[in-house]
Amino acid sequence: MQLGILLKYVLQIQLVVQAVSVAFNINCNSNHVSYYGQNSARNQVTLGSYCADATEDVIVLAFMNGFPNIILNFANACETTFEGSSLLHCPNIAADIKFCQSKGKAVILSMGGASGAYGFSSDSQASQFADTMWNMFFKGTAAQRPFDDAVLDGIDLDIEGGGASGYTTFISQLRTHYASDPSRQYYIAAAPQCPFPDAYIGSTLKNAWFDMVFVQFYNNYCGLNAYPTWFNFADWDNWAKTQSLNKNVKVFIGALGSPTAGSTGYVDGPALSKIYTEVRSKYTSLGGIMTWDVSQGRTSGIAKTIRSALDFGGSCSNSTGQPSNTDSSSTTATTQSPNEPTDSTTIPISTTTATVTETVTS
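The text that follows walks through the structure, step by step, so that each part is easy to find.

What counts and what doesn't
Residues numbered from 1 in each chain as written. Predicted model: local features only at pLDDT ≥ 70, side-chain atom pairs only at ≥ 80, totals over all residues. Heavy atoms only, no water. Helix = DSSP H or I, 4+ residues; strand = E, 2+ residues; numbered from the N terminus. Buried < 20%, exposed > 50% of the residue type's maximum accessible area, 1.4 Å probe, protein only. Areas by Shrake-Rupley, 256 points an atom, 1.4 Å probe, with all protein chains shown as cover. Expected span 1.5 Å × (residues − 1). Arc of directions from axis to C-beta. Contact = heavy atoms within 4.5 Å. Axes fitted to C-alpha atoms, helices over the stretch in contact; angles between N-to-C directions. Left-handed = near helix turned anticlockwise from the far one by under 90°. Pairing = 2+ DSSP bridges.

As for the overall build of the protein
So, point 1. For the protein, the helix and strand inventory stands at 10 helices and 10 strands.
So, point 2. A total of 362 residues make up the protein; the buried ones form 54% of that total.
So, point 3. For the protein, the accessible area works out to roughly 14900 Å², and carbon and sulfur atoms hold 53% of it.

Description of helix α8 (residues 269-282)
So, point 1. Given a rise of 1.5 Å per residue, 14 residues ought to cover 20 Å, and the 20 Å separating the end C-alpha atoms of α8 matches this to within 8%.
So, point 2. For α8, the full list of buried residues reads G269, L272, S273, I275, Y276, V279 and R280. What you see down the axis of α8 is that its buried residues fit within an arc of 165°, all on one side. Structural note: α8 exposes P270, S281 and K282 on the side pointing more than 90 degrees away from its buried face.
So, point 3. Here the buried face of α8 lies against α7 (233-242), β9 (250-256), β10 (286-292) and α10 (302-311).

Structural notes on the packing of helix α4 (residues 123-137) against helix α5 (residues 167-179)
So, point 1. Direction vectors running N to C along α4 and α5 enclose 35°, while the axes themselves pass 8 Å from each other. Crossing hand, α4 versus α5: right-handed. In this structure, α4 uses D123, A126, S127, F129, A130, D131, M133 and W134 to contact α5, whose residues at the interface are T169, F170, Q173, L174, H177 and Y178.

Structural notes on the pairing of strand β2 (residues 58-67)
So, point 1. In terms of residue burial, β2 counts as a mostly covered element, since 10 of its 10 residues are buried.
So, point 2. Across 4 bridges, the pairing between strand β1 (residues 31-36) and β2 is parallel. Of the residues in β2, the one forming a bridge with S34 is I59.
So, point 3. As paired strands, β2 and strand β4 (residues 106-113) are joined by 6 bridges and run parallel to one another. Bridged to I59 within β4 is V107.
So, point 4. Inspection of the sheet shows β2 paired to strand β3 (residues 71-72) by 2 bridges, in the antiparallel sense. By the bridge assignment for β3, M64 is matched with L72.
So, point 5. Where β2 meets strand β5 (residues 117-118), 2 bridges bridge the pair, whose relative direction is parallel. Considered in β5, the bridge of F67 is made with Y118.

Right under this line is the structure:
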């Protein structure tokens, strides 16, 4: 009889666990970040489908590959535009952003990429564009908002071309807008190449505030495949502790989601798990693992391995070095995404297939 009661309670606990998601906590070293939007594996499904479980904690929408004259590119995820305009209008992604956030995930927009026409000609232009970003993607107002009334959680600078000017000013002005809304947490991130300092964003990393840095440990001599000889997480940990304005900035191990996701640097799940565990034991700046991209990671199965590795022994600090917002509380809901499959999904607690492809990559 007592065993039956115990089993009943265990079942009830499991049901609660399945219905609740854990909000993204930037102070943990067990976060999984992945990029979405470029259909890298040629089988990209809706954003909401990926957010239906707990595999990723942060989704980075890729890319805004043109600015200050805005060009958005999300491959098969969004191909509709505002009437009389070339600007993408993505109501399905908008609905899924809200769904992902209801599951406790952060959704940020990546600016840049390996190809595109972007960069600032002056600090004045950069500051004005920060105002534009706030109005079009955050809590401001604009005649055309690509994600309608959905509000993003931050931006990522994946600067791989153009000039290096203006980005410090851009971040400063955007953080001024962040401070105007203390009701939620906003983030500034970057995705530099692993050689230190980064050729394009290196000076900005020294002079502007960043919350997260997704170091691309692939397609370079210092990639994961060169571990431990040339793998240089130590350089980035030293930057975080001695040069970054935010001494609590989190540095992520950027990894390829499959052998076909990049040119060089891929390591399989067990190897990546081992590297992560060893880095975690040495460097307190570690924030977790970033993957390019979610379609590759889900297809190869490495995303599941990453989630297991992150959940085994990860920890969270009590650091409060946040950009301009101190309220990190978040409410979660069990609503279903308008674009999510109707089958049920187990959500563990953790510390439109298409053939359209694009050439814009991280």
